[in-house]
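# Coordinates in review
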Amino acid sequence: MEVKATAKDLRVSAGKARRVLELVRGKNAADALMILKFTPNKPARFAEKVLKSAVSNAEHNYGLDLDKLIVKTACADQGSYMKRFRPVAQGRAHAFRHHTCHITMVVCEK
């Protein structure tokens, strides 16, 4: 049984989130939570919340054993941009984009 949890429109770029998710893909859920807890990145906080949600869904909704759960997939997809403008010289404005991403984790029993 596979259980999925998703967090959408997180204020971090997908590339930075992917680097963190590589650390936990394929690991035991308890070990993955410990790795994310001690990873000093902003995407690690988001990934930790998503993983806790997936584990909680598996335990509460499907009655799966917490000790047997592994992280099957962990992916970060690009979300929409928040477009903003910053004033520059001679009355002009330059556009810049705040990147967002969607983090999805799937846990299953081994």
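Details of the structure are given in the entry above.
Residues numbered from 1 in each chain as written. Predicted model: local features only at pLDDT ≥ 70, side-chain atom pairs only at ≥ 80, totals over all residues. Heavy atoms only, no water.

### Looking at the side chain of threonine 100
Position of threonine 100 relative to the elements: it lies in the loop between β4 (93-98) and β5 (101-109). At a separation of 2.3 Å, a polar atom in the side chain of threonine 100 contacts the main-chain carbonyl oxygen of serine 80. If we ignore the near neighbours within four places in the chain, the residues touching threonine 100 are Asp9, Leu10, Arg11, Val12, Gln78, Gly79 and Ser80. (Helix = DSSP H or I, 4+ residues; strand = E, 2+ residues; numbered from the N terminus. Polar contact = N/O pair within 3.5 Å; in protein donor to acceptor, adjacent residues only side chain to side chain. Contact = heavy atoms within 4.5 Å.)

### Describing the nonpolar core
Residues Leu21, Leu36, Leu51, Cys101, Ile103 and Met105 are the most contacted members of the largest nonpolar core, which totals 29 residues. The set of elements that each furnish at least two residues to this core consists of β1 (2-10), α1 (14-21), α2 (29-37), α3 (42-62), β2 (69-78) and β5. The leading source of residues in this core is α3, at 7 residues. Those residues within four positions of isoleucine 103 in sequence are excluded, and the remaining contacts are Ala5, Thr6, Ala7, Leu10, Ala17, Leu21, Phe46, Ala47, Val50, Cys75 and Ala76. (Core = buried A, V, L, I, M, F, W, Y, C linked by side-chain atoms within 4.5 Å. Buried < 20%, exposed > 50% of the residue type's maximum accessible area, 1.4 Å probe, protein only.)

### Some points on the sheet that holds β1
Spatially, 3 strands are ordered β1-β5-β2 in an open sheet, and the strand pairing comes out antiparallel. The outermost strands of the open sheet, each flanked by one partner alone, are β1 and β2. On average, each strand axis in the sheet is inclined to that of its neighbour by 15°, with strand direction left out of account. Inspection of the sheet shows β2 paired to β5 by 9 bridges, in the antiparallel sense. Its bridge partner being in β5, alanine 74 is matched across the sheet by methionine 105. The strands touched by α1 within the sheet are β2 and β5, with β2 carrying the most contacts at an inclination of about 165°. Set on the sheet, α3 makes contact with β1, β2 and β5; between it and β1 the angle comes to about 145°. (Pairing = 2+ DSSP bridges. Axes fitted to C-alpha atoms, helices over the stretch in contact; angles between N-to-C directions.)

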